[in-house]
There are 2 protein chains.
Amino acid sequence: MPMMNLDFLSNDYQEKKTKAQKIEEEIKIEILSGRLRTGQRIVEQDLCDKYGISRTPIREILRRIESEGLIETIPNRGAFVKGFTEQNIDDFYVMKSALEVQCIRWAIERITDDELDMLQQTFEFMEFYTMSDDLEKMLRINNGFDTIIYRACHNREMEKTLHRYNFYLKYAASSSRYPANYLTTVLEEHRAIFHAFMTRNPEAGAEAAEIHMLKTMIRRK
Amino acid sequence: MPMMNLDFLSNDYQEKKTKAQKIEEEIKIEILSGRLRTGQRIVEQDLCDKYGISRTPIREILRRIESEGLIETIPNRGAFVKGFTEQNIDDFYVMKSALEVQCIRWAIERITDDELDMLQQTFEFMEFYTMSDDLEKMLRINNGFDTIIYRACHNREMEKTLHRYNFYLKYAASSSRYPANYLTTVLEEHRAIFHAFMTRNPEAGAEAAEIHMLKTMIRRK
DNA sequence: TATAAGTGGATTGTATACAATTTAATTTAT
DNA sequence: ATAAATTAAATTGTATACAATCCACTTATA
């Protein structure tokens, strides 16, 4: 079994988390998962009671979520959930796809030797977990594979944006049911991308990424 | 001279604007334009004095700007400007380019007859302002042209994101000096895009958009 | 002198109070 | 009985007060 530091695989992109950041994430997941329904009004006091803090920090959290676009604030009327519909889940897949294709193209041109090394080790993990049929570990290592590529693009906005879209889609479009040969299928799609990195062929990478995204979108139908 | 309703050309994407939103925009422009320098600490009380409101709304504004990524907040230490460097201005051009190419591809497939009509009228304005050598009006009608296309993509996240990148680049990368034949050059680049719409040829549109973005990036060097 | 510990001022984080506005409930008028 | 007008309650917007934390400076100690 391959050896490496797996710290970067930790579920969350962010390093440290304050209390407010945890509450913010909880509220966002409530929205994305649909427990707070689209159009529903959010009353500040309710959140205060639920999380045991006063309105001031709750309002600051809401302003952040508002800026992210997950709620809409109407002056003097309050905050309203802008949840995800099937339609705009597709919108986000389109956005993710457009960016990811370009991200991979650039990452292949810019990746450092160290990063390529990490990518190789990570892919070996993917092969290992596919063989041992370990779905949960495979999902985590998949994230790690993506994380390395996003970083190798060396474009901070690209990195942040793709992580954000993944967060959205994880909670808004997670299916929890996987087809029979899911592991091997995904592994082979990733192998094409990985191969493009090893041969430093940006166009092959972009094409593989596009195919991978298309198949992902089809799979969830 | 062509006739049409030019309301949608109004400088700002947003409809209504509260006092807080105006202050928020002012602060963002201060950051983007470089008047607030990268790394500089933002003291809340200073903003209170400057804009004549108390800390509570100022902090809510800062939380929005923070979520957008223009400042970084370190717990108990305050907010620090994350201004734009030459490097990450390019990062945003890359992002904009990747999205705009895909946006145009989709817009050509999805544009309604009404929208196509508007696009045609707008392009006729562009021809008119190029002939009459009116730079200022040309810049505004350019925005209108883009706005129609962004909307015709019928992907709200795409629309919002591209408007946001344009806002960033407008203030962070505006050159204010234009080459001699700027108007005719830009008109011809747009003509290629417009032609792709009229012939409903997504690939031609994507290619024209890519060329347009590349030339735009080169022009500012 | 150099380093550590402590002190005061400044700044941020949170709670609360009050004003402005909206929402609902009730009354009044037709 | 229905619609308009009025009032009361609930909710949001803003200011202020206080607590917690950080930062620079002073003082104490080796």
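Every value quoted in this text rests on a predicted model; they were computed, and no experiment measured them.

Peer 1: Would you explain the overall build of chain A in this entry?
Peer 2: Counting its secondary structure elements, chain A contains nine helices and three strands. When its helices and strands are written in sequence order, chain A yields α-β-α-α-β-β-α-α-α-α-α-α. Dimensions of chain A, computed from C-alpha atoms along their principal axes, come out at roughly 60 × 35 × 35 Å. Looking at the 221 residues of chain A, the share that counts as buried comes to 48%. When contacts within chain A are restricted to residue pairs at least 6 apart in sequence, those whose partners lie at least 24 apart make up 76%. Total accessible area computed for chain A in this model is approximately 11,400 Å², and 50% of it derives from carbon and sulfur atoms. Taking the average location of the 32 positive side-chain charges in chain A and that of its 36 negative ones, the two points are 7 Å from each other.

Peer 1: How do you make sense of the sheet that holds strand E1 (residues 41-42) of chain B when you look at a structure like this?
Peer 2: Across a sheet, paired strands are connected by hydrogen bonds in the backbone, their directions being either parallel or antiparallel. Residue and element names in this part refer to chain B. Reading across from one edge, E1-E3-E2 is the order of the three strands in this open sheet, with antiparallel pairing throughout. Each end of this open sheet is capped by a strand with a single partner; those strands are E1 and strand E2 (71-74). Sheet topology places E1 next to strand E3 (residues 78-81); two bridges connect them, and they run antiparallel. In the strand pairing of E3, Arg41 is matched with Phe80.

Peer 1: Hey, could you run me through the sheet that holds strand E1 (residues 41-42) of chain A in this one?
Peer 2: Read across the sheet, three strands follow the order E1-E3-E2 (chain A) without closing on themselves; strand pairing throughout is antiparallel. Strand pairing shows two members of the sheet lacking a second neighbour, E1 and strand E2 (71-74) of chain A, which therefore form its edges.

Peer 1: Would you take a moment to explain the interface of chain A and chain B for this structure?
Peer 2: For an interface, size is often stated in terms of accessible area lost upon the parts coming together. Counting from both sides, the interface comprises 29 residues of chain A and, opposite them, 29 residues of chain B. Carbon and sulfur atoms supply 57% of the area buried between chain A and chain B, which totals about 2,600 Å² over both sides. If you sort the residues of chain A by the area they bury against chain B, Glu60, Met95 and Glu157 of chain A come out on top, with a joint share of 22%. There are six salt bridges connecting chain A and chain B. Here Arg59 of chain B and Glu60 of chain A are joined by a salt bridge, their closest N and O atoms 2.7 Å apart.

Peer 1: Explain the domain arrangement of chain A here, please?
Peer 2: Residues and elements named next belong to chain A. Per the domain assignment, the segments of chain A are domain 1 (19-81) and domain 2 (86-220). Each of domain 1 and domain 2 has a C-alpha centre, and the two are 31 Å apart. Contacts between the two partners involve seven residues from domain 1, matched on the other side by five residues from domain 2. At the boundary of domain 1 with domain 2, total buried surface from both sides reaches about 560 Å², with 73% on carbon and sulfur atoms. Element by element, the count of residues in the side of domain 1 that touches domain 2 is highest for helix H1 (residues 19-32), at four residues. Split into classes, the residues belonging to the side of domain 1 that touches domain 2 amount to three nonpolar, one polar and three charged.

Peer 1: What's the story with the pattern of salt bridges in this structure? I'm lost.
Peer 2: A side chain of one charge can pair with a side chain of the opposite charge when the charged atoms of the two come close. With the rule as written, the count across this model stands at 40 salt bridges over all chains. Note that Arg151 of chain A is salt-bridged to Glu159 of chain A, the shortest N-O span being 3.5 Å. The exposure class of Arg151 of chain A is partly exposed, given its relative accessible area of 38%. A salt bridge links Glu100 of chain B to Lys96 of chain B, with the nearest nitrogen and oxygen atoms 3.8 Å apart.

Peer 1: Just checking my understanding: could you explain the protein's contact with DNA strand D for this structure?
Peer 2: Residues in close proximity to DNA strand D total 17 residues, the closest being Arg55 and Arg59 of chain A together with Ser54, Thr56 and Arg77 of chain B. Counting only the atoms of DNA strand D within 4 Å of the protein, the fraction contributed by sugar and phosphate is 62%. Between DNA strand D and Ser54 of chain B, the relevant distance is 2.6 Å, taken from a phosphate oxygen to a main-chain nitrogen or oxygen of the residue. Arg77 of chain B places a side-chain nitrogen or oxygen 2.3 Å from a phosphate oxygen of DNA strand D. The element best represented in the surface near DNA strand D is helix H3 (residues 55-68) of chain B, accounting for three residues. The residue inventory of the surface near DNA strand D, partitioned by class, reads five nonpolar, five polar and seven charged.

Peer 1: What should I look at first to understand the protein's contact with DNA strand C in this one?
Peer 2: The environment of DNA strand C is made up of 17 residues, and the closest members are Ser54, Thr56 and Arg77 of chain A together with Arg55 and Arg59 of chain B. Backbone sugar and phosphate groups make up 64% of those atoms of DNA strand C lying within 4 Å of the protein. Between a phosphate oxygen of DNA strand C and a side-chain N or O atom of Arg77 of chain A, the distance comes to 2.2 Å. Backbone polar atom of Glu44 of chain B to a phosphate oxygen of DNA strand C: 3.4 Å apart, as the coordinates give it.

Peer 1: Please clarify how the relation of the copies chain A and chain B should be interpreted in this entry.
Peer 2: Comparison of the two chain copies shows a relationship of rotation about an axis with a shift along it. Superposing chain A onto chain B takes a rotation of 180° combined with a translation of 0.0 Å along the rotation axis, leaving an RMSD of 0.0 Å. Here the symmetry operator amounts to a two-fold rotation axis. The overlap is high: 100% of the interface residues of chain A also sit at the interface in chain B, so the same surface is used on both sides.

Peer 1: Explain the state of the cysteines to me, please; I cannot follow it from the model alone.
Peer 2: Disulfides are covalent bonds that link the sulfur atoms of two cysteine residues. With the rule as written, the count across this model stands at zero disulfides over all chains. With no disulfide of its own, Cys103 of chain A lies 4.0 Å from the sulfur of Cys153 of chain A, the closest cysteine sulfur.

Peer 1: Sorry, what's going on with the packing of helix H2 (residues 44-51) of chain B against H3 of chain B here?
Peer 2: Each pair of packed helices can be described by the angle between their axes along with the distance between the axes. Residues and elements named next belong to chain B. Remark: H2 packs on H3, axes separated minimally by 9 Å, with the N-to-C direction vectors making an angle of 110°. The orientation of H2 with respect to H3, classified from their angle, is roughly perpendicular. Once H2 is placed against H3, the crossing between them reads as right-handed. Mapping the contact onto sequence places Glu44, Gln45, Leu47, Cys48 and Tyr51 in H2 and Arg55, Ile58, Arg59 and Leu62 in H3. Among the residues forming the contact of H2 with H3, the class breakdown is five nonpolar, one polar and three charged.

Peer 1: Is there a simple way to explain the packing of aromatic side chains in this structure?
Peer 2: How two aromatic rings sit relative to each other is set out by the distance from centre to centre and by the angle between their planes. Summed over the entire model, instances satisfying the criterion amount to 24 aromatic pairs over all chains. For the pair Phe123 of chain A and Phe194 of chain A, a centre-to-centre distance of 4.5 Å together with 15° between the ring planes defines the contact as stacked. A residue pair is termed long-range when its members are at least 10 positions apart, and Phe123 of chain A in helix H5 (residues 113-131) and Phe194 of chain A in helix H8 (residues 182-198) qualify at 71 residues. With respect to burial, Phe123 of chain A and Phe194 of chain A carry one shared label: buried. Arranged with centres 5.8 Å apart and planes meeting at 70°, the rings of Phe128 of chain B and Tyr129 of chain B form a pair that is edge-to-face. Look at Phe128 of chain B and you get partly exposed, because its relative accessible area is 26%. Of the aromatic side chains, those joined through ring pairs into one cluster are Phe84, Phe92, Tyr165, Phe167, Tyr168 and Tyr171 of chain A.

Each value, and the rule that gives it
Residues numbered from 1 in each chain as written. Chains lettered and ligands numbered in written order. Predicted model: local features only at pLDDT ≥ 70, side-chain atom pairs only at ≥ 80, totals over all residues. Heavy atoms only, no water. Helix = DSSP H or I, 4+ residues; strand = E, 2+ residues; numbered from the N terminus. Buried < 20%, exposed > 50% of the residue type's maximum accessible area, 1.4 Å probe, protein only. Contact = heavy atoms within 4.5 Å. Areas by Shrake-Rupley, 256 points an atom, 1.4 Å probe, with all protein chains shown as cover. Lys, Arg positive; Asp, Glu negative; His and termini not counted. Charge placed at Lys NZ, Arg CZ, Asp CG, Glu CD. Pairing = 2+ DSSP bridges. Buried area = accessible area lost by both parts, 1.4 Å probe. Salt bridge = Lys/Arg side-chain N within 4 Å of Asp/Glu carboxyl O. Domains from an automatic or database assignment. Nonpolar A, V, L, I, M, F, W, Y, C, P; charged D, E, K, R; others polar. Near = heavy atom within 4 Å. Polar contact = N/O pair within 3.5 Å; in protein donor to acceptor, adjacent residues only side chain to side chain. Least-squares fit on C-alpha atoms with pLDDT ≥ 70 in both. Disulfide = S-S within 2.5 Å. Axes fitted to C-alpha atoms, helices over the stretch in contact; angles between N-to-C directions. Parallel < 35°, antiparallel > 145°, perpendicular 65-115°, else oblique. Left-handed = near helix turned anticlockwise from the far one by under 90°. Phe/Tyr/Trp six-rings, centres within 6.5 Å; stacked < 30°, edge-to-face > 60°.

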